[in-house]
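Tertiary structure, described
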Amino acid sequence: MTEPKPIDGAHGARLTIDLGAIVANWRILADRGGAPCAAVVKADAYGCGIGRVGPALWAAGCRTFFVAHLSEGVAARAVLPEAAIYVLNGLLPGTLEAYAAHGLRPVLGSVAEMADWASFSAGRRPAALHVDTGMNRLGLPVPEALELAGTPGIAACGIDLLLSHFVSAEKPEDPVNARQIADFARVRAAYPGLLASLANSSGVFLDGAGHDLLRPGYALFGGNPRPGFINPMRPVVRLEALIAQVRAVETGATAGYNGRWTAPAPSRLATLSLGYADGFPRAISGRGQALVGGVPCPILGLVSMDLIILDVTAAPAAERGATAVLIGDSLDIDTVGQAAGTIGYEILTGLGSRYVRTYVG
Ligand SMILES: *Cc1c(COP(=O)(O)O)cnc(C)c1O
């Protein structure tokens, strides 16, 4: 990563996003999966910003993108004029004209959605068909998909891509994976000539899940697609905050709202200009860490809306204006997610709109 510019003090925290690492991760996933690789860029490219992430992936050769909402599709289209953009959450009533106006492709997941799209587009506009192999969330059940194969109703939908989604791809030992791969293969055989896509980030690492188009999201942004193993992806996101104040407290002093932390000994505390309104989870209160001069410093008491208190007793580099790392180095997004009792996905997609985003690479 090239050295970023100094923090802009207008906001006390900065998010650095390594576009080169995103592109490198996209290539790693394409190589590992041995198939063309799309990019899932829902939730503003997992918090990293579709405006910069989309064009970087396009320049690297990515031609197919997936978003969750129509509004995200519109934002993606603005920076990806020629890409194939699929909208995963499907076709909501009243949205047909917008799909057409922006050249977006719905991922159809029910007979009702298919009927709407067919009567509107008469097979002239592409769409994907979502087959549900176990999530029970979106998509046609397998028997229904098999029954509809080859019917005029399908032809009228202009389907060019068949997809399904894993229940537990990050747990390779879960027998549901093999069941889903087998069911998807049956559906695929009934729809000859269509591209097929099954693998999310973790699915790329499952045997037999590759098919024609890989569909990773999280791993592009540095998340570990293989929990429990060394992360093969490059880190993408770095979150740093400025130390606003440092103070010395005596034994028995408390810190923050409701005095949830009590000093067991004379201590040095640092206050960081970043809080839960920036998307840093309050659930990490009393559990997480930040790095100051490379030294892990515990997050004390409750995370406030705009501020966090650290115990910097062991970190001589802690002083007013110094930088604390909240995501980066040993604090990768999976580690931070775990400390907050959640997953790295939620940490990434929660990254707030307050940050100045700096792009490198
Ligand atoms: C979010 C999503 C993906 C990407 O999943 P990751 O685990 O982030 O790689 C792929 N397909 C569908 C249908 C999704 O909803």
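See the structure printed just above.
Throughout what follows, the structure given in this document is the object of discussion. Bear in mind that the values here come from a model prediction, so they are computed numbers and not experimental data.

This part takes up unusual backbone geometry. Phi is mostly negative for residues that are not glycine, and the peptide bonds are mostly trans. Its identity is not glycine, yet N136 carries a phi of approximately 50°, on the positive side. Following the sequence through the fold, N136 ends up in the loop between β6 (127-132) and β7 (140-141). Look at N136 and you get exposed, because its relative accessible area is 69%. The phi dihedral of D329 falls on the positive side, at around 55°, and the residue is not glycine.

So, on to the site of the ligand. In the neighbourhood of the ligand, 13 residues make up the surrounding shell, with K42, Y46, S201, G217 and Y345 lying closest. The separation between a nitrogen atom of the ligand and a polar side-chain atom of R215 is 3.0 Å. In this structure, Y218 approaches the ligand through a main-chain N or O atom, which is 2.8 Å from an oxygen atom. Protein chains shield 93% of the accessible area of the ligand, which is 390 Å² for the free molecule.

As for its position among the elements, S201 is in the loop between β9 (195-197) and β10 (237-249). Within polar-contact distance, the side chain of S201 engages the backbone nitrogen of A219 at 3.0 Å. Setting aside residues up to four positions removed in sequence, S201 forms contacts with R215, P216, G217, Y218, A219 and P225.

Next up on the list: the nonpolar core. Counting residues in each nonpolar core, the largest one holds 115 residues, and the members touching the most others are F221, F280, L310 and L326. Here this core gets 7 residues from one element, more than from any other, and that element is helix α1 (residues 19-33). Split by domain, this core shows at least three residues from each of two domains, domain 1 (19-221) and domain 2 (237-360). Counting residues in each nonpolar core, the second largest holds 7 residues, with V249, A255, W261 and A263 among its members.

Let's shift gears to the pairing of β10. Two strands pair when backbone bridges link them, and strand β1 (residues 13-18) and β10 are joined in this way by 5 bridges, in the antiparallel orientation. Bridging from a neighbouring strand, R14 pairs with E240 of β10. By the bridge criterion, 4 bridges tie β10 to strand β17 (residues 323-327) in an arrangement that is antiparallel. By the bridge assignment for β17, L239 is matched with I327. Where β10 lies against strand β13 (residues 267-272), 6 bridges are found, and the strand directions are antiparallel. Paired with R247 across the strands is L269, a residue of β13.

Applying the stated criterion across every chain yields a total of 6 aromatic pairs. Ring centres 6.0 Å apart and planes at 45° place the aromatic pair W117 and F120 in the tilted group. With W117 and F120 both in helix α6 (residues 111-121) and 3 residues apart, the pair spans about one turn of that helix. Centroid distance Y218 to Y345: 3.9 Å. Interplanar angle 15°. Geometry classified as stacked.

What follows is about the packing of α1 against helix α3 (residues 50-60). Contact pair α1 / α3: the axes reach a minimum separation of 10 Å and the direction vectors enclose 50°. The angle between the axes of α1 and α3 places the two elements in the oblique class. In the crossing of α1 with α3, the sense of the turn from one axis to the other is right-handed. Taking contact as the criterion, the partners of L19, I22, V23, W26 and R27 in α1 are, on α3, R52, V53, A56, L57 and A60.

Bringing the environment of L92 into the picture now. Take L92: it is sitting in the loop between β4 (84-87) and α5 (96-102). Distance from L92 to H69, taken between C-alpha atoms, is 9.8 Å for residues 23 residues apart in sequence.

The periodicity of an α-helix, 3.6 residues per turn, causes residues three or four positions apart to be oriented the same way. The complete set of buried residues in α6 reads E113, M114, W117, A118 and S121. Looking straight down α6, one finds its buried side chains confined to an arc of 125°; they lie on one side. For α6, the exposed residues lying more than 90 degrees away from the buried face are A112 and S119. If you follow the buried residues of α6, they end up packed against α5, β5 (105-108), β6, β7, α7 (142-148) and α8 (152-155). Of the residues flanking the end of α6, it is A122, one or two places downstream, whose phi is positive at about 50°.

About the cut-offs
- Residues numbered from 1 in each chain as written.
- Predicted model: local features only at pLDDT ≥ 70, side-chain atom pairs only at ≥ 80, totals over all residues.
- Heavy atoms only, no water.
- Helix = DSSP H or I, 4+ residues; strand = E, 2+ residues; numbered from the N terminus.
- Buried < 20%, exposed > 50% of the residue type's maximum accessible area, 1.4 Å probe, protein only.
- Near = heavy atom within 4 Å.
- Polar contact = N/O pair within 3.5 Å; in protein donor to acceptor, adjacent residues only side chain to side chain.
- Areas by Shrake-Rupley, 256 points an atom, 1.4 Å probe, with all protein chains shown as cover.
- Contact = heavy atoms within 4.5 Å.
- Core = buried A, V, L, I, M, F, W, Y, C linked by side-chain atoms within 4.5 Å.
- Domains from an automatic or database assignment.
- Pairing = 2+ DSSP bridges.
- Phe/Tyr/Trp six-rings, centres within 6.5 Å; stacked < 30°, edge-to-face > 60°.
- Axes fitted to C-alpha atoms, helices over the stretch in contact; angles between N-to-C directions.
- Parallel < 35°, antiparallel > 145°, perpendicular 65-115°, else oblique.
- Left-handed = near helix turned anticlockwise from the far one by under 90°.
- Arc of directions from axis to C-beta.

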